[in-house]
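Listed here are the chains, written in short residue letters.
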Amino acid sequence: MPAPDRQLRLTALRDIIADIERKPALAEAGARAILSETGFPQLPGGTVQDIFLDETRDAGAGLGFALMQARALLAGKRSAVLHLHLAPEGQALGLPYGPGLEGLIDPTRLVLVQARNAADLLWAAEEALSCQAVAAVIADMAARPKLLDFTATRRLSLRAGESGASLFFLHYGSWRQASAAQMRWRLTPERSAAQPYDDQAPGAPRWRLRLERGTLANHRTDWLLQATEKGLATLSTEPFEPNPAPAALSHALPAPLGHRLSQTA
Amino acid sequence: MLFLPHWATDYLKRRDPALAGPLALYERIKGGMRLVAVDPEARQHGVRPGQSVADARALLPPLTLREIDYPLLEAGFGDLADWHSNASPLVAILTDRARFGDLVLDITGVSHLFGGEAAMLELLLQRLRACHYSVAGAIAPTIGAAWALSHFARSQVAGPEALSARLDPLPVAALRLDQNDITTLSQMGLTTIGQVRSRPRKPLQARFGAELLLRLDQAYGEVEERMTSRLPPIAHSVERRLLDPLILLDDVLAVTQDLAIRLAHDLERHGRGAQTFHLLLYRVDHKVMTLSLNAARPTRDPAHMLSLFRHRAQRLAGEYDAGFGIDMMRLAAGALEELAPTQLGAFSIPGGMEDIDRLTDRLSSRLGAPAVLRTQLKASHIPERAARLVPAIAASGVTQAAQPSLTRPLRLLPSPEPVAINAEVPDGLPASMIWRRQRYRLIRGAGPERLGAEWWRSGERLELVPPPASPDPAKAPPEPPPYIPDLKRHDPEAQTRDYYRVEDEDGRRFWVFRLGLYGGPDLPVWYLHGFFA
């Protein structure tokens, strides 16, 4: 049977196609993605990633996830992270806030760029990617950008592959369009971890993550992540469900005081 | 000193070739229309400034009359003055007696480039006369003397030794005096400067004040008179005159590259680097375009300069107008600082910061300086004041205030948005929220974190901030803030905020606050201020 032969030929063909497409970053990503001790692979620089959030009100989760990845890329000469957004969308999405970033990166390392239109934003992204001192570029786009087609993303991904800086697009909505990004994530916020001394308080942030496009070394596509001091920790492997089971509590917690009163009465 | 007596009418005729024949400009003064500028042709027929329009029409029926437009004429004269910086770097408009028409050039150390003072004066006059401007000029050791000679004598060069011989026979009006003073002087029988000068000074001062003596001293060089140059002072500049005028922006940039390399050599020889660069483009039709930009740190790297100008030029693509061509370009450096000659580039500081600074330079040169921002932390407990966004160009070398570690959101809304919040008990955790017309059930919460208002301002009356000055003060005079008789006093209690971190059932984490306390005169209002990761 020519089955193993066919298999070999198929892999050879795939290699050729990958060569034609010249996606060095993706090839490297498959090979070099280090499985960190906390479970989520640490992706190397030089990739373009689309991070899709369902709605603009999830903007905080998207920025957190992108910054967690960008933090791992900050090393040596690569000392800055750029955040690009469109000037009119600042109020809708909120701007990265220095004191709140301190757990993630040094706020003085973040440069904010307010572009007037999408063309300027893409220009700034390309310019920043070609700079040797930039670790990552995070681009926020609240509306579906018309300019960001396959050609534009391809251009950016080539630029990123050459320079070794990563580009994260934060998109909002359920639309998808052709893109040359190596990875496409869908990120939804999840109820936070328990706080050790206060069960009413929100704890460490958790996110559901699904890899919609691209492959990683272990072919895993679903994660439940928790942001920790060290990095992203994986919690479970259960398959992704867009709407998790309804909350156990259908109303706010009853006041404990009332119980005690009723017991004493 | 160049004096253009009929500049207003000449300029208008040049702008609009259809304007032919005698022309006069009038101004509305107290309901009457008075002539303020008259061209030579009309003057021959007896039309004079100060006449009423009706008189002038009666004298000369074919007279063309226009209302004078001072901002236009001043801008035009400003362009002409800037353009004269191709002769000397220090150019100013003298506005003592008229709003335009008097141009002062400091030609110290420049005249030899034109083959001597007389030849330079001849050249400057010739090229204006070729454009049909009537012009007179004088070169003299003082501004006052040059003004006097150019207004009241033939165009000439007066050396320091011949100064008093040239000035003494001139009429007293040559001292830049008020009309009243001139009249009084002539009533006293003093008609020439020499006569005034021979009088004792004390009585003159008692009669006319210090002004007359000051002008006299300025004209004879006893008191130094300074001029303020229109263009920023330039320490180093390189220029290039072009035989064929350039039109295309690409050609301009190619020449800029040449200039940048020459400027870099120049700066390196002096061991300096510059932070501001100006590219001056002299158009054939007497206008100057200026491209200015700043670098985050001193540099003399020609490639960096060129890339900044390239991005700046892209931003301006629509406004770029070469007119009939550009015949001279000058690249000037300002804000110089020491930069050791051995240093390869200004940016060779280890740690990658130099590349970041270059990147922010490039981004700000195309997107504008206010679009590229860095966070500057401030010691303030009020969240929106704790982090300021400052332009990255200005932010280099800022010191960081020590911050206590607090739980703060990842994103902050530039202005908090009002939300409707329900809580089970007034001071309890919020249970549900309506924000942007959507309902959120909040299942977890932590707080409150109480942030008091600035109690040290309590009892102060609130003030309205005056509106920002309009970019063009000539068009819209700044309006005073509206008068509101009873502005509230600052009440720290009503401005106290209680911040809560809340999480909804889908896991979104928000930062909301309640402004004010229960039990006060007004009900507290809730706002949403930020998002957590």
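For the structure, check the block above.
In what follows, the accompanying structure is described. (Residues numbered from 1 in each chain as written. Chains lettered and ligands numbered in written order. Predicted model: local features only at pLDDT ≥ 70, side-chain atom pairs only at ≥ 80, totals over all residues. Heavy atoms only, no water.)

A word on the packing of aromatic side chains
Here is step 1 of the chain: Considering all chains together, one arrives at 21 aromatic pairs over all chains under this definition.
Here is step 2 of the chain: On the numbers, 5.2 Å between centres and 75° between planes, the contact of A:Phe40 with A:Trp223 is edge-to-face. Of this pair, A:Phe40 sits in the loop between β1 (34-35) and β2 (41-42) while A:Trp223 sits in strand β11 (residues 222-227), and the two are 183 residues apart along the sequence.
Here is step 3 of the chain: When its relative accessible area of 4% is taken as the criterion, A:Phe40 is described as buried.
Here is step 4 of the chain: You can call A:Trp223 buried: its relative accessible area is 2%.
Here is step 5 of the chain: Of the aromatic side chains, those joined through ring pairs into one cluster are A:Phe40, A:Phe65, A:Trp185, A:Trp207 and A:Trp223.
Here is step 6 of the chain: Against the face of B:Phe208 rests B:Arg207, its NZ or CZ located 5.4 Å from the ring centre.
Here is step 7 of the chain: Seen from the ring of B:Phe513, B:Arg497 lies directly overhead, with NZ or CZ sitting 4.8 Å from the centre. (Phe/Tyr/Trp six-rings, centres within 6.5 Å; stacked < 30°, edge-to-face > 60°. Helix = DSSP H or I, 4+ residues; strand = E, 2+ residues; numbered from the N terminus. Buried < 20%, exposed > 50% of the residue type's maximum accessible area, 1.4 Å probe, protein only. Lys NZ or Arg CZ within 6 Å of the ring centre and 35° of its normal.)

So, the pattern of salt bridges
Here is step 1 of the chain: The full count for this structure, using the stated rule, is 41 salt bridges over all chains.
Here is step 2 of the chain: Here A:Arg176 and A:Glu212 are joined by a salt bridge, their closest N and O atoms 2.8 Å apart. One end of the pair, A:Arg176, is in the loop between β8 (166-172) and β9 (183-190); the other, A:Glu212, is in strand β10 (residues 206-213), and 36 residues separate them in sequence.
Here is step 3 of the chain: Judged by its relative accessible area of 26%, A:Arg176 falls in the partly exposed class.
Here is step 4 of the chain: Its relative accessible area of 31% is what places A:Glu212 among the partly exposed residues.
Here is step 5 of the chain: With its nearest N and O atoms 2.9 Å apart, the salt bridge here joins B:Glu505 to B:Arg441. Taken together, the residues span a long stretch of sequence, with B:Glu505 in the loop between β18 (497-504) and β19 (509-515) and B:Arg441 in strand β17 (residues 438-451) at a distance of 64 residues.
Here is step 6 of the chain: Judged by relative accessible area, which is 31%, B:Glu505 ranks as partly exposed. (Salt bridge = Lys/Arg side-chain N within 4 Å of Asp/Glu carboxyl O.)

What to know about helix α11 (residues 210-220) of chain B
Helical geometry: 3.6 residues make up each α-helical turn, so side chains three or four residues apart lie on a common side.
Residue and element names in this part refer to chain B.
Here is step 1 of the chain: In terms of residue burial, α11 counts as a mostly covered element, since eight of its eleven residues are buried.
Here is step 2 of the chain: Turning to α11, its buried residues number three or more, namely Leu 212, Leu 213, Arg 215, Leu 216, Asp 217, Gln 218, Ala 219 and Tyr 220.
Here is step 3 of the chain: As for α11, its buried residues are in contact with α6 (143-152), α7 (163-167), α8 (179-187), α9 (193-198) and α10 (201-208).
Here is step 4 of the chain: A positive phi of about 80° marks Gly 221, the residue just after α11. (Contact = heavy atoms within 4.5 Å.)

Concerning helix α7 (residues 150-163) of chain A
Residues and elements named next belong to chain A.
Here is step 1 of the chain: An ideal rise of 1.5 Å per residue puts 20 Å on 14 residues; α7 measures up with 20 Å between its terminal C-alpha atoms.
Here is step 2 of the chain: Burial in α7 covers these residues: Ala 152, Thr 153, Leu 156, Ser 157, Ala 160 and Ser 163. Considered in projection along α7, the buried side chains sweep an arc of 135° and stay on one side of the axis. Exposed residues on α7 whose side chains face more than 90 degrees from its buried face are Thr 151, Arg 155 and Glu 162.
Here is step 3 of the chain: Structurally, α7 contributes buried residues whose contacts are with β3 (48-53), α6 (118-129) and β8.
Here is step 4 of the chain: Looking one or two places after α7, you find Gly 164, whose phi comes out positive at around 95°. (Expected span 1.5 Å × (residues − 1). Arc of directions from axis to C-beta.)

Quick look at the pairing of β11(A)
All names here are of chain A.
Here is step 1 of the chain: For β11, the buried fraction is high: six of the six residues fall into the buried class.
Here is step 2 of the chain: The alternating pattern of β11 places Asp 222, Leu 224 and Gln 226 and Trp 223, Leu 225 and Ala 227 on opposite faces, both of which are buried.
Here is step 3 of the chain: In this structure, β10 lies alongside β11, joined through five bridges in antiparallel fashion. Across the sheet, the residue bridging to Arg 206 is Gln 226, located in β11. (Pairing = 2+ DSSP bridges.)

Notes on the sheet that holds strand β6 (residues 102-106) of chain B
Residues and elements named next belong to chain B.
Here is step 1 of the chain: Spatially, five strands are ordered β5-β6-β1-β7-β8 in an open sheet, and the strand pairing comes out mixed. The sheet is open, and its two edges are formed by β5 (90-93) and β8 (156-157), each paired on a single side.
Here is step 2 of the chain: Sheet analysis places strand β1 (residues 2-3) next to strand β7 (residues 136-139), joined by two bridges and oriented antiparallel. By the bridge assignment, Leu 2 is partnered in β7 with Gly 137.
Here is step 3 of the chain: Along the sheet, helix α4 (residues 70-83) makes contact with β5 and β6, crossing β5 at roughly 160°.
Here is step 4 of the chain: The sheet contacts of α6 involve β1, β6, β7 and β8, and relative to β7 the element is tilted by about 145°. (Axes fitted to C-alpha atoms, helices over the stretch in contact; angles between N-to-C directions.)

Observations concerning the interface of chain B and chain A
Here is step 1 of the chain: Listed by partner, the interface residues are 61 residues for chain B and 68 residues for chain A.
Here is step 2 of the chain: Of the roughly 5,100 Å² buried at the junction of chain B and chain A (both faces included), carbon and sulfur atoms supply 54%.
Here is step 3 of the chain: When the buried area of chain B at its contact with chain A is split by residue, B:Leu410, B:Arg411 and B:Arg444 rank highest and sum to 16% of it.
Here is step 4 of the chain: Here chain B and chain A share five salt bridges between them.
Here is step 5 of the chain: At the junction of chain B and chain A, the tally comes to 27 residue pairs in polar contact (both at pLDDT 80 or more).
Here is step 6 of the chain: It is helix α14 (residues 353-367) of chain B that provides the largest number of residues to the side of chain B that touches chain A, a total of ten residues.
Here is step 7 of the chain: Along the lines of polarity and charge, the residues of the side of chain B that touches chain A split into 29 nonpolar, twelve polar and 20 charged.
Here is step 8 of the chain: Alignment of strand β6 (residues 110-115) of chain A against strand β13 (residues 372-377) of chain B, held across three bridges, turns out to be antiparallel. By the bridge assignment for β13(B), A:Val111 is matched with B:Arg374. (Buried area = accessible area lost by both parts, 1.4 Å probe. Polar contact = N/O pair within 3.5 Å; in protein donor to acceptor, adjacent residues only side chain to side chain. Nonpolar A, V, L, I, M, F, W, Y, C, P; charged D, E, K, R; others polar.)

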